[in-house]
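Single-letter residue listing:
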Amino acid sequence: MGNLTVAGYLINKTGLTNIKVAAPTPYDYDLSIGVRKDWPELIPILDRALLLIDEEQRNAIQQRWLKLHYEVGVDYALVKRMAIAVVIIILLITGWMLFIQRKDRMLGAAKAETEAANIELQKANIKLKELDRLKSMFIASISHELRTPLNSIIGFSGIMKCGAYSELDDKYQDYITRINRSGLHLLALITDIIDISKLESGRIDIIVSDFELDEMVFEAVDSIRQQVENKGMSLETGVSKGISMHTDRTRLLQCLLNFLSNAMKFSEHGTIYVMAKEQPENILLSVRDTGIGISEKDCLRLFEAFERIDSHLSVKAGGTGLGLYLTKKIATELLQGEVGLETRLGKGSTFWISVPKMLAARD
Amino acid sequence: MTTALVIEDNPDNMLLICDILEFNDCGVLKAETGLQGVSMAKELVPDFILLDIQLPDIDGYKVLQRIRASEEARSIPIVAMTSYAMVGDREKLMDSGCDGYIEKPIDPGVVMEQIQRAIGGKA
């Protein structure tokens, strides 16, 4: 029997109630019989005797000698403090986990929303591309459909007008000329309208090239020179050599031709001046005529579609009424420039267009 | 006398072109579909070809391709006729192997000029 039982016995015997065995100690007990050192032969004999003591007897011995209860005494103060600490930690951890969970859920919801929005966008994009393609096809097929019968009208009347196969009766010659002219007018209208619809739907291709401004101006002037001289008027140009341009030549030419054509149609005499002025970033092209001029109230509407001045010259002039509208659109939307007009009623008009020499690249 | 092959599906346009050509002393061969045009080009080897780009059976560009791909007809001058007149078209046609380009509605003066130029270019 070990120290524990001795201690217990002593405590009981001496009545030390203020001592308690309060914790498990590493001392275990075992039944054993102490033997004098000089009688070692007794050990195996006594050991066998011990083994013969059965369970019940062991318990009895135990009861008699181990009259001590020990309990694991609890240091309540420490326990309380630890319990509180643990509870607090648990609360903190739980709180933290709940917080994380909420964040996760919010993130998940946001992600799902983004995903859904993305899918919607993709669908819308596909639809837009399809609409775009249909629009292109529409414009192309309208153009084709309208031009096909015109091909016959203009073509056949053109050949007849030339008297290719036989001379025509004067009356019929007149008729055929009118048919031919109407056909050409219709063609011009269709071309302008298609141009405008292309511009409106943003599908005009801009073809940028490098060219000399004076060459372009001379080309425009040459194309209209005959008609001008037939009317008894003259043309003068003031364009310096060596002005290099980097922009859409065809479109700029189109605008200039429009101004020239108007100048010629709405003048009956005098000279048409074509001037180009070079500025640091831009060039200013102007066409001045000594024609009928334009009243203030007409000025405002002039660049609108189908607007024409009320004048005896308008009827003779022909044209589509779309020229200035288209010119303005081309100048402002394609060529990144401006158009304008200065005029005095009865004195003449100056139409001008100002565009950058270098067309800035678009995205 | 020069002989032209005209590949055009619209009868009015065909008549117009042929009359202009005959007036200018050209012999005329007529094909009303793209496929017909390709085989006639290969068999009859005209001096030049006028090709309508908007054909009903196969795309005018395909006709161009096949004629250019054939041994017999590869080097015949081809002038395209089109009414699309979209800015990119001219470049696209020239890149695909055309030697000239006529916009519809046709201007008789332009027709002969383009043809002369195309033939001249190839000569």
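The following paragraphs examine the structure supplied in this document. None of the values given here were measured: they were computed from a predicted structure. Residue numbering note: each chain is counted from 1, following its sequence as written. Chains and ligands are labelled sequentially in the order written, the chains with letters from A and the ligands with numbers from 1. Reporting of local features is limited, given that this is a predicted model, to residues whose pLDDT is at least 70; pairs of side-chain atoms are given and counted only at 80 or more, and all residues count toward the totals for whole chains, interfaces and linings. Side-chain metrics in this entry use all non-hydrogen atoms of the structure; hydrogen atoms and water are not considered.

**With respect to the overall build of chain B**
- Each helix is a run of H or I in the DSSP string that is no shorter than four residues. Each strand is a run of E no shorter than two, and both are numbered from the N terminus. When helices and strands are tallied, chain B shows five helices and five strands.
- Shown N-terminal to C-terminal, the secondary structure of chain B runs as helices and strands in the order β-α-β-α-β-α-β-α-β-α.
- The buried label goes to any residue with under 20% of its type's maximum accessible area, the exposed label to any with over 50%, and the partly exposed label to all in between, with areas taken from a 1.4 Å probe on protein chains only. Sorting the 123 residues of chain B into buried and exposed places 50% on the buried side.
- Long-range contacts, defined as pairs at least 24 residues apart, comprise 60% of the intrachain contacts of chain B with a sequence gap of at least 6.
- Accessible surface, chain B as shown: approximately 5600 Å² in total, 49% of it carbon and sulfur. Should any heavy atoms of two residues lie within 4.5 Å, those residues are considered in contact. Throughout, the Shrake-Rupley method with a 1.4 Å probe supplies accessible areas, and for residues the shown protein chains are the sole cover considered.

**Side note on the interface of chain A and chain B**
- The interface of chain A with chain B comprises 20 residues on the first partner and 21 residues on the second.
- Salt-bridge detection follows one rule: a side-chain nitrogen of Lys or Arg within 4 Å of a carboxyl oxygen of Asp or Glu. Taken together, chain A and chain B are joined by zero salt bridges.
- Put simply, the parts of the chain that give the side of chain A that touches chain B at least two residues each are α4 (76-161) and α5 (170-200) of chain A.
- Looking at which element gives the most residues to the side of chain A that touches chain B, the answer is α4(A), with 13 residues.
- The residue classification treats Ala, Val, Leu, Ile, Met, Phe, Trp, Tyr, Cys and Pro as nonpolar and Asp, Glu, Lys and Arg as charged. All others, Gly included, are polar. Taken together, the residues of the side of chain A that touches chain B break down into nine nonpolar, seven polar and four charged.

**Observations regarding the packing of aromatic side chains**
All names here are of chain A.
- Here the aromatic set is Phe, Tyr and Trp, taking the six-membered ring for Trp, and pairing holds for ring centres within 6.5 Å; pairs whose planes are under 30 degrees apart are stacked, those over 60 apart are edge-to-face, and all others are tilted. For the coordinates displayed, the defined rule picks out four aromatic pairs over all chains.
- For the pair Tyr172 and Tyr175, a centre-to-centre distance of 6.3 Å together with 35 degrees between the ring planes defines the contact as tilted. Highlighted residues: Tyr172 and Tyr175, both in helix α5, separated by three residues, approximately one helical turn.
- Under the relative-accessibility criterion, Tyr175 is labelled partly exposed at 42%.
- Relative to Phe351, the ring of Phe303 lies with its centre 6.3 Å away and its plane at 65 degrees, an arrangement referred to as edge-to-face. In this pair, Phe303 is assigned in the loop between α8 (296-301) and α9 (312-317) and Phe351 in strand β7 (residues 348-356), connecting sequence segments 48 residues apart. When sorted by exposure, Phe303 lands in the same class as Phe351, which is buried.
- Taken together, the ring pairs in this structure connect Phe259, Phe303 and Phe351 into an aromatic cluster.
- The residue whose ring lies beneath Arg249 is Phe211, and the NZ or CZ to ring-centre distance is 5.7 Å.
- Against the face of Tyr273 rests Arg288, its NZ or CZ located 4.6 Å from the ring centre. By the criterion adopted, a ring carries a charge over it if an Arg CZ or a Lys NZ lies within 6 Å of its centre and within 35 degrees of its normal.

**Overview of the sheet that holds strand β6 (residues 338-344) of chain A**
Residue and element names in this part refer to chain A.
- When DSSP locates at least two bridges between a pair of strands, those strands are taken to pair. What the five strands build is an open sheet, ordered β2-β4-β5-β7-β6; its pairing is mixed. The open sheet has two edge strands with one neighbour each: β2 (234-238) and β6. Each strand axis lies, on average, 15 degrees off the axis of its neighbour in the sheet, ignoring direction.
- Relative to strand β4 (residues 271-278), β2 runs parallel, the two being bridged by five bridges. Note that in β4 the partner of Thr237 across the bridge is Val274.
- What counts as an axis is a line fitted to C-alpha atoms, over the stretch in contact for a helix, and the angles between N-to-C directions run from 0 to 180 degrees. Across the sheet, helix α6 (residues 213-230) is in contact with β2, β4 and β5 (282-288); its angle to β2 comes to roughly 175 degrees.
- Along the sheet face, helix α10 (residues 323-334) touches β6 and β7 and points at about 135 degrees away from the line of β6.

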